[in-house]
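Tertiary structure, described
The residues making up each chain are set out below.
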Amino acid sequence: MGRSNRKHADAVAVIGLGRFGGAVAVSLENQGHEVLAIDERDDVVQRFSETLTHVVQADSTSATAMKQLGVGEFDHVVVAIGTGVEASVLTVLTLKEIGAQEVWAKAITAKHGEILSLVGASHVVYPEAEMGQRVAHLVTGKMMDFIEFDHGFALAKTRAPQEAVGKTLGETKLRSRYGITVVGIKTSEEEFTYAQPSTMVREGDTLIVAGPTTKTETFASIT
Ligand code: ADP
């Protein structure tokens, strides 16, 4: 524990150490949180025992096993079993049964996600679908990065459009013309800085823009 400066480390149980769950567990531990990683497969547990501090072999559909491990007392539990829909649903049910408060669960399809919510998952994530959408924006558009939040609001990383070069952000009037807000700007090798009306846009600058998804898409298309 403790490679970061966080004041508060959470205790998180991560169930299912496939590609997604493994990445979640390692990332949480790197952020300084206390992680208990669980998988039913011995070879998977062996593999992660070199990278993670606490890895145990257990069947997460067994209430007895989950109780023994104290999984119900963790601040958050992540159910990262995706392909085995039955095991993922039964795991969430078991966790609710033993009193787990906050359960994050990975879903493969919309129906799978609905079932997970019905049986008590507090947050359902669709990593494949979300990453697919994101990559689609990067492949077909001119965005260098893209993240969409609820209700069609997005943040995008784009090149500064030619029409803005040599002007200050205030002078470019990008907000009124395109309905987006430039929140960060970066000149070649320098760090990102917060965008100010007085910030000068230079050839080749990178922008972080925020706005409704369709507007950020339109804006990126002119860059
Ligand atoms: P990914 O697509 O992210 O690789 P998978 O769904 O293929 O995810 O991987 C899920 C992991 O969950 C596997 O390592 C598997 O052994 C584990 N798993 C599946 N069912 C259970 C269970 N009942 N208890 C604990 N671990 C499980």
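Keep in mind it's a predicted model, so treat the numbers as computed, not measured. (Residues numbered from 1 in each chain as written. Predicted model: local features only at pLDDT ≥ 70, side-chain atom pairs only at ≥ 80, totals over all residues. Heavy atoms only, no water.)

Description of the nonpolar core
Within soluble globular proteins, side chains that are nonpolar generally end up buried alongside one another. Of all hydrophobic cores here, the largest spans 24 residues; its most connected members are M66, V71, V77 and L95. For this core, the secondary structure elements donating two or more residues are β1 (11-15), β2 (34-39), α3 (63-68), β4 (76-79), α4 (85-97) and β5 (103-106). With 17 residues, the next largest nonpolar core counts A156, L169, I185 and V201 among its residues. (Core = buried A, V, L, I, M, F, W, Y, C linked by side-chain atoms within 4.5 Å. Buried < 20%, exposed > 50% of the residue type's maximum accessible area, 1.4 Å probe, protein only. Helix = DSSP H or I, 4+ residues; strand = E, 2+ residues; numbered from the N terminus.)

Overview of the sheet that holds strand β11 (residues 206-212)
Strand order in the open sheet made by the 5 strands is β7-β8-β11-β9-β10, with antiparallel pairing throughout. Each of the sheet's edge strands pairs with one partner strand only, and the pair in question is β7 (145-148) and β10 (193-194). Taken together, the 2 bridges between strand β9 (residues 181-186) and β10 define a ladder with antiparallel strand orientation. Bridge pairing links I185 to T193 in β10. (Pairing = 2+ DSSP bridges.)

Focus on the packing of aromatic side chains
This structure, assessed with the given rule, holds 1 aromatic pair. Each ring, one from Y178 and one from F219, has its centre 5.5 Å from the other, and the planes form 70°; the classification is edge-to-face. Of the two residues, Y178 is situated in helix α8 (residues 174-178) and F219 in helix α9 (residues 213-221); the sequence distance between them amounts to 41 residues. When its relative accessible area of 0% is taken as the criterion, F219 is described as buried. (Phe/Tyr/Trp six-rings, centres within 6.5 Å; stacked < 30°, edge-to-face > 60°.)

Digging into the UniProt feature "domain: RCK N-terminal" (unreviewed entry) in the chain
Within this numbering scheme, the UniProt entry marks residues 9-125 as carrying the feature "domain: RCK N-terminal" (unreviewed entry). The distance from the first to the last C-alpha atom of residues 9-125 is 22 Å, and the span holds 40% helix and 22% strand. (UniProt positions renumbered as here; feature names shortened; annotations may be inferred.)

Section: helix α5 (residues 110-118)
Every buried residue belonging to α5 is among H112, G113 and L116, and all of these are buried. The buried residues of α5 occupy one face: seen down the axis, they fall within an arc of 100°. Exposed side of α5, more than 90 degrees from the buried face: A110, K111 and L118 are the residues found there. As for α5, its buried residues are in contact with α4, β5 and β6 (123-125). Positive phi shows up at G120, right after α5, with a value of about 120°. (Arc of directions from axis to C-beta. Contact = heavy atoms within 4.5 Å.)

Structural notes on the pairing of strand β3 (residues 54-57)
Alignment of β2 against β3, held across 4 bridges, turns out to be parallel. The partner of D39 across the bridge, within β3, is Q57. Considered for its hand, the β-α-β crossover made up of β2, helix α2 (residues 42-48) and β3 is right-handed. (Right-handed = clockwise from strand over helix to strand, strands pointing away.)

Regarding unusual backbone geometry
Residue H151 is not a glycine yet carries a positive backbone phi of 55°. Within the secondary structure, H151 is located in the loop between β7 and β8 (153-159). By relative accessible area, which is 81% here, H151 ends up exposed.

Digging into the pattern of salt bridges
Side chains that differ in charge, positive against negative, can pair when their charged atoms come close. All told, the structure shown has 4 salt bridges when counted by the stated rule. With a closest N to O distance of 2.8 Å, D43 and R41 form a salt bridge. You can call D43 partly exposed: its relative accessible area is 43%. Classification of R41 as partly exposed rests on a relative accessible area of 47%. Here E114 makes a salt bridge to K111, at a shortest N to O gap of 3.7 Å. One end of the pair is E114 and the other is K111, both in helix α5 and 3 residues apart, which spans about a single turn. (Salt bridge = Lys/Arg side-chain N within 4 Å of Asp/Glu carboxyl O.)

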